[in-house]
Amino acid sequence: MNIHVKNNVAWVGKIDWELQKFHGNEYSTHRGSTYNSYLIKEEKNVLIDTVWKPYAKEYVENLKKEIDLNKIDFMVVNHAEIDHSGSLPELMSYIPDTPIYCTEYGIKTIKGHYHQNWNFHPVKTGDVLDIGNGKALVFVEMKMLHWPDSMASYLTGDNILFSNDAFGQHYATGYMFNDLVDQSELFAECIKYYANILTPFSPLVEKKIHEILALNLPIDIIATSHGVIWRDNPTQIVEKYLTWSRNYQENQITILYDTMWNGTKVMAENIALGIKKEDSMVNLKLFNISKTDKNDIITEVFKSKLILVGSPTIGKGITSATAGILEEIEGLKFKNKKACAFGCYGWSGESLSKINTLLEKSGFTLINEGIKCLWNPDNKSIENCKKFGAEIITSAL
Ligand code: FEO
């Protein structure tokens, strides 16, 4: 199967409709994904990226229907992560001498994965590969967006930016173009992708986008490595990335809680009542950490100006689900967000101080010491929770 992209450029990737988890078990893909590979047929024939290893044989067999493999003049590996380079061993078994263009770090990474000494050609930002018919590929290093080896390739003449992971999303679709798909589904997957993968690199995202814009290259199409190809107003996703990279937040407060015997859940719901009473316009959301997909939670944290994290004290600490999400949050280096803690306890009540410590370590500004409740909340405790929620709005934001 191929999909015509523009002139002599075709998509030759794989739509993975059944994918539910990506990066092992680290990223939920509720809508599947795609691994986008592109074939450019000019005087020189170029293959840009491949697909994930489980689909290697299928991919190469399909590719044979598009081109005699021996007529591929160059391979470009924009990024060596396995979802894009995983079919290289199968493909290179047919054409072992074909030149592979990638960054210097890409060579190290490919060798690290496959232990092969293929015909590598390192490239740097601004390097140009002539492919004939007046067209060329211009390479742009994208270091740490999101791996050290990442780069983008720009096809002159057709004005296509092959951006690899950047501007992508895990979204299986038969349409493959941004103007054809459901826009709310598309942007939900885009922001989830940014929140969960790119947040720690936000300062680099802004810098790199300005660097690319300064090259003054006309961009008609952004051909990513996951999800849709942006052909209708392609820079709309670039503008979104600029917005998201600037310590993004909406008028949202998110309450995350875990609960053993519903006490901490009752606290969460009554704190929420207090918040809502004082501010009916704030977008208030509650999630049981144990019952909610962790990547969806991270997306909600990304959108929030304030998060409240609640856990009962278990042993001398917090529940494993709460510890798990706080570990995720710590690794993403959110900035300019506020937080506080709450939770029920029976005798010693360490959960508050533990959550506070972890939130502070993650860069959140604590708005107060939090609120805890001995045993199951009684009427007085419930009123205190409502008051606590209201005071967040009146004095802490
Ligand atoms: Fe889609 Fe970083 O791999």
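Quick notes on the rules
Residues numbered from 1 in each chain as written. Predicted model: local features only at pLDDT ≥ 70, side-chain atom pairs only at ≥ 80, totals over all residues. Heavy atoms only, no water. Helix = DSSP H or I, 4+ residues; strand = E, 2+ residues; numbered from the N terminus. Buried < 20%, exposed > 50% of the residue type's maximum accessible area, 1.4 Å probe, protein only. Contact = heavy atoms within 4.5 Å. Core = buried A, V, L, I, M, F, W, Y, C linked by side-chain atoms within 4.5 Å. Domains from an automatic or database assignment. Salt bridge = Lys/Arg side-chain N within 4 Å of Asp/Glu carboxyl O. Arc of directions from axis to C-beta. Pairing = 2+ DSSP bridges. Patch = residues over 30% accessible without salt bridge, like charges linked within 9 Å, V, L, I, M, F, W, Y side chains within 5 Å. Areas by Shrake-Rupley, 256 points an atom, 1.4 Å probe, with all protein chains shown as cover. Right-handed = clockwise from strand over helix to strand, strands pointing away. Axes fitted to C-alpha atoms, helices over the stretch in contact; angles between N-to-C directions.

Caption draft 1: Highlighting the environment of arginine 246. As for its position among the elements, arginine 246 is in the loop between α7 (235-245) and β18 (252-257). Take arginine 246: its relative accessible area is 45%, and that puts it in the partly exposed class. On a C-alpha basis, the gap between arginine 246 and proline 203 in space is 7.8 Å, while along the polypeptide they are 43 residues apart. Leaving out residues up to four positions away in the same chain, arginine 246 has contacts with Glu206 and His210.

Caption draft 2: Fine view of the nonpolar core. Core analysis: the biggest nonpolar cluster contains 84 residues, and Leu63, Tyr241 and Ile329 have the highest contact counts within it. A domain-level breakdown of this core finds at least three residues from each of domain 1 (3-244) and domain 2 (252-396). Once residues lying within four places of it in the same chain are set aside, the contact partners of tyrosine 241 are Asp165, Ala166, Phe167, Gly168, Tyr193, Tyr194, Leu198, Val205 and Ile209. Ile3, Trp11, Ile221 and Ala223 belong to the second largest nonpolar core, which has 27 residues in total.

Caption draft 3: The arrangement of the pattern of salt bridges in detail. Inspection of the entire model under this criterion finds 18 salt bridges. We note a salt bridge from glutamate 42 to lysine 135, for which the minimum N-O separation is 2.8 Å. Of this pair, glutamate 42 sits in the loop between β7 (38-41) and β8 (45-48) while lysine 135 is found in strand β13 (residues 135-141), placing the two residues 93 residues apart along the sequence. The same class applies to glutamate 42 and to lysine 135, which are both buried. Linked through salt bridges whose partners overlap, the residues forming this network are Glu26, Lys294 and Glu328.

Caption draft 4: A look at unusual backbone geometry. For the peptide bond that leads from leucine 145 to histidine 146, omega is 10°, which places it in the cis range. Of note in this structure, asparagine 247 is not a glycine but carries a positive phi near 45°. One can find asparagine 247 in the loop between α7 and β18. In this structure asparagine 247 comes out as partly exposed when scored by relative accessible area, which is 37%. You will see that lysine 333, though not glycine, has its phi angle at about 55°, which is positive. Looking at the secondary structure, you find lysine 333 in the loop between α10 (320-332) and β21 (338-345).

Caption draft 5: Representation of helix α1 (residues 56-66) in the model. Regarding α1, the residues found buried are Ala56, Tyr59, Val60, Leu63 and Glu66. Around the axis of α1, the buried residues are gathered within 105° of arc, so they sit on the same side. With respect to the buried face of α1, the exposed residues turned more than 90 degrees away are Lys57 and Lys65. Elements that come into contact with the buried residues of α1 comprise β7, β8 and α3 (88-92).

Caption draft 6: Highlighting the sheet that holds strand β15 (residues 160-164). Read from one edge to the other, the open sheet built from 6 strands follows the order β12-β13-β14-β15-β16-β17, with strand pairing classed as mixed. Of all strands in the sheet, those bounded by a partner on one side alone are β12 (128-132) and β17 (229-230). Two elements, strand β16 (residues 221-224) and β17, share 2 bridges in a ladder whose sense is antiparallel. Pairing of alanine 223 across the sheet is with isoleucine 229, part of β17.

Caption draft 7: Representation of a nonpolar patch on the surface within the structure. Residues Met260, Trp261 and Ile314 make up a contiguous nonpolar surface patch of about 380 Å² in total accessible area. Mapped onto the elements, isoleucine 314 comes out in the loop between β20 (306-310) and α10. Judged by its relative accessible area of 39%, isoleucine 314 falls in the partly exposed class.

Caption draft 8: Up close: the pairing of β18. Extensive coverage of β18 is indicated by the burial of 6 of its 6 residues. Residues Gln252, Thr254 and Leu256 of β18 are buried on one face, and the alternating residues Ile253, Ile255 and Tyr257, pointing to the opposite face, are buried as well. Relative to strand β19 (residues 283-288), β18 is paired through 6 bridges, and the arrangement is parallel. Note that in β19 the partner of glutamine 252 across the bridge is asparagine 283. The handedness of the β18 to β19 crossover, carried by helix α8 (residues 263-278), is right-handed. Pairing of β18 with β20 involves 5 bridges; the strand directions are parallel. Of the residues in β20, the one forming a bridge with threonine 254 is isoleucine 307.

Caption draft 9: Representation of the sheet that holds β8. Ordered by their spatial adjacency, 7 strands build an open sheet running β1-β2-β7-β8-β9-β10-β11, and the pairing between neighbours is mixed. Strands at the two margins of the open sheet, each flanked by one partner only, are β1 (3-6) and β11 (120-122). If you compare each strand with its neighbour and ignore which way they point, the axes differ by 25° on average. Examined bridge by bridge, strand β9 (residues 74-76) and strand β10 (residues 100-102) share 2 bridges and lie parallel to one another. Counted as the bridge partner of valine 76 is tyrosine 101 from β10.

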